Amino acid sequence: SEAAAREFGADWEILPLPFRVGHGFDLHRLEPGYELVLGGVKLPHDVGCQAHSDGDVVLHCVVDAVLGALGLPDIGQLFPDSDPRWKGQTSDVFMREAVRRMDEAGYRVGNMDVTIILQRPKVSPVKAQIRENIAALCNVPVSLVNVKAKTHEKVDSLGENRSVACHTVIMLLRKEDY
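Keep in mind the model is a prediction, meaning the values are calculated, not measured.

Engineer: What is the right way to look at the packing of aromatic side chains in this model?
Structural biologist: When we look at a pair of aromatic rings, we describe it by the centre distance and by the angle of the planes. Going through the model one piece at a time under the given rule, you end up with one aromatic pair. Taken together, a centroid distance of 4.5 Å and an interplanar angle of 40° make the contact between Phe79 and Phe94 tilted. Here Phe79, found in the loop between helix 3 (75-78) and helix 4 (92-104), pairs with Phe94, found in helix 4; they are 15 residues apart in sequence, far enough to count as distant. Grouping residues by exposure puts Phe79 and Phe94 together as buried.

Set out below in structure tokens:
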């Protein structure tokens, strides 16, 4: 879009393709003294995500998938941890900005697939709520959002419950075509 080109330079022009695919990834260290927030849901746990914002690895990942599909800079460039405005910020603010940019570029979510990797606590009791939160933030039916949760079989920092990670794949469709 012209707005992206103005903000990031000509290399950031969003060409009007019929669909666009993005992948997001995020990982945060788990430490005592922080809340564990996944997809806007607070989970009771003895450790949480160490981060500049609320550390919601799921929403950060979805933001990066949306921005990636649009060919825009990642979440760290748009909301740098060096900027005090984002200290402790809830991640729905980042999601709303990514969705605003998606809408401005003329796209909507076709579907997305989110995979959370966390040894414990179990995510299955809150998966439906995470799906609903993401769908609401993206202004789409919940049927377009899939959320899976996996352990890391006690391997490396993820399996030792020292970190949490998330992958997201998203397809964006041009609004005028669908």
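Engineer: What is the right way to read the pattern of salt bridges from this model?
Structural biologist: Oppositely charged side chains can pair when the atoms bearing their charge come close. Under the criterion given, the structure shown has 13 salt bridges. In this structure, the salt-bridge partner of Glu35 is Lys42, at a minimum N-O distance of 3.4 Å. Among the residues examined, Lys42 registers a relative accessible area of 57% and is labelled exposed. Close ionic contact of Arg162 with Glu160 constitutes a salt bridge, the shortest N to O distance being 2.7 Å. Residue class for Arg162 comes out partly exposed when judged on its relative accessible area of 44%. Given the relative accessible area of 46%, Glu160 is considered partly exposed. Through salt bridges with shared partners, a single network forms among Glu97, Arg100, Arg101 and Glu104.

Engineer: I'm lost on the layout of surface pockets in this one. Help?
Structural biologist: Over the atoms a probe the size of a water molecule is rolled, and this reveals where empty space is left. Quantified by volume, the largest pocket comes out at close to 280 Å³. In this structure, the largest pocket is lined by 15 residues; those nearest its centre are His28, His60, Gly76, Phe79 and Asp81. Taken together, the elements giving at least two residues each to the lining of the largest pocket come down to strand 1 (19-31), helix 2 (57-70) and helix 3. Broken down by element, the lining of the largest pocket gets its largest block of residues, three residues, from strand 1. Classifying every residue of the lining of the largest pocket gives seven nonpolar, five polar and three charged.

Engineer: Where do I start with helix 4 in this structure?
Structural biologist: Residue pairs three or four apart in sequence face the same way in an α-helix, which turns once every 3.6 residues. Taking 1.5 Å of rise per residue, the 13 residues of helix 4 would be expected to cover 18 Å, and the 18 Å separating its terminal C-alpha atoms lies within 8% of that figure. For helix 4, the set of buried residues is Phe94, Met95, Glu97, Ala98, Val99, Arg101 and Met102. Once helix 4 ends, the next one or two residues include Gly106, with phi positive near 90°.

Engineer: For this particular structure, what's the right way to read the sheet that holds strand 5 (residues 107-117)?
Structural biologist: Where strands meet in a sheet, backbone hydrogen bonds hold them as pairs that are either parallel or antiparallel. With mixed pairing, five strands are arranged side by side in an open sheet as 4-1-7-5-6. If you trace the sheet from one side to the other, it starts and ends with strand 4 (48-49) and strand 6 (145-150), each paired once. Pairing of strand 1 with strand 4 involves two bridges; the strand directions are antiparallel. Residue Leu30 lies in a different strand from strand 4, and its bridge partner there is Cys49. Across the sheet, helix 5 (residues 127-138) touches strand 5 and strand 6, and the angle it forms with strand 6 is around 145°.

Engineer: Help me out: how do you make sense of the pairing of strand 7 (residues 163-174) in this one?
Structural biologist: For a regular strand, side chains alternate in direction, first toward one face of the sheet and then toward the other. In terms of burial, strand 7 is a largely internal element, nine of the twelve residues being buried. Pairing of strand 1 with strand 7, which is carried by eleven bridges, proceeds in the antiparallel orientation. Across the sheet, residue Phe25 finds its bridge partner in strand 7, namely His167. Sheet analysis places strand 5 next to strand 7, joined by ten bridges and oriented antiparallel. Each bridged residue has a counterpart across the sheet, and for Arg108 the counterpart in strand 7 is Leu173.

Engineer: How should the nonpolar core be read in this particular structure?
Structural biologist: Grouped burial of nonpolar side chains is what soluble globular proteins tend to show. With 49 residues, the main nonpolar core has Leu38, Val58, Met112, Val114, Ile116, Ile130 and Ile134 as its most contacted residues. Per-element accounting of this core gives the leading share, eleven residues, to helix 2. Excluding anything up to four places from it in sequence, Ile116 contacts Leu38, Val58, Val123, Ile130, Val147, Lys148, Ala149, Lys150, Val164, Ala165 and Cys166.

About the thresholds
- Position numbers for residues start from 1 in each chain and track the written sequence from start to end.
- Per-residue local features are limited, in this predicted model, to residues with pLDDT of at least 70; the limit for side-chain atom pairs, both in listing and counting, is 80 or more; totals at the level of whole chains, interfaces and linings are taken over all residues.
- Excluding hydrogens and water, the side-chain values take into account all heavy atoms of the structure.
- When two rings of Phe, Tyr or Trp (its six-membered ring) have centres within 6.5 Å they constitute a pair, described as stacked for plane angles under 30 degrees, edge-to-face for angles over 60, and tilted for the intermediate range.
- Elements are defined by DSSP. Helices are runs of H or I of four residues or more, strands are runs of E of two residues or more, and each kind is numbered from the N terminus.
- The buried label applies to any residue whose accessible area, calculated with a 1.4 Å probe on protein chains only, is under 20% of its type's maximum; exposed applies above 50%, and partly exposed to all values in between.
- We define a salt bridge as a side-chain nitrogen of Lys or Arg found within 4 Å of a carboxyl oxygen belonging to Asp or Glu.
- Put simply, the grid is 1 Å and covers the protein atoms alone, a cavity is a trapped set of points that fit a 1.4 Å probe, a pocket is an open set with protein on both sides within 12 Å along at least five of seven lines, and lining residues have an atom within 4 Å of a point.
- Grid points are joined across faces, edges and corners, and a volume is the space filled by probe spheres set on the points.
- Just so you know the grouping, Ala, Val, Leu, Ile, Met, Phe, Trp, Tyr, Cys and Pro go in nonpolar, Asp, Glu, Lys and Arg go in charged, and all remaining residues, Gly too, go in polar.
- A helix is expected to span 1.5 Å for every residue after the first.
- Think of it this way: DSSP has to see at least two bridges between two strands before they count as a pair.
- Here, two residues are considered to be in contact whenever any of their heavy atoms come within 4.5 Å of each other.
- Helix axes are fitted to C-alpha atoms over the stretch in contact, other axes to C-alpha atoms as well, and angles between N-to-C directions run from 0 to 180 degrees.
- Definition of nonpolar core: a set of buried residues of the types Ala, Val, Leu, Ile, Met, Phe, Trp, Tyr and Cys, connected through side-chain atoms within 4.5 Å.

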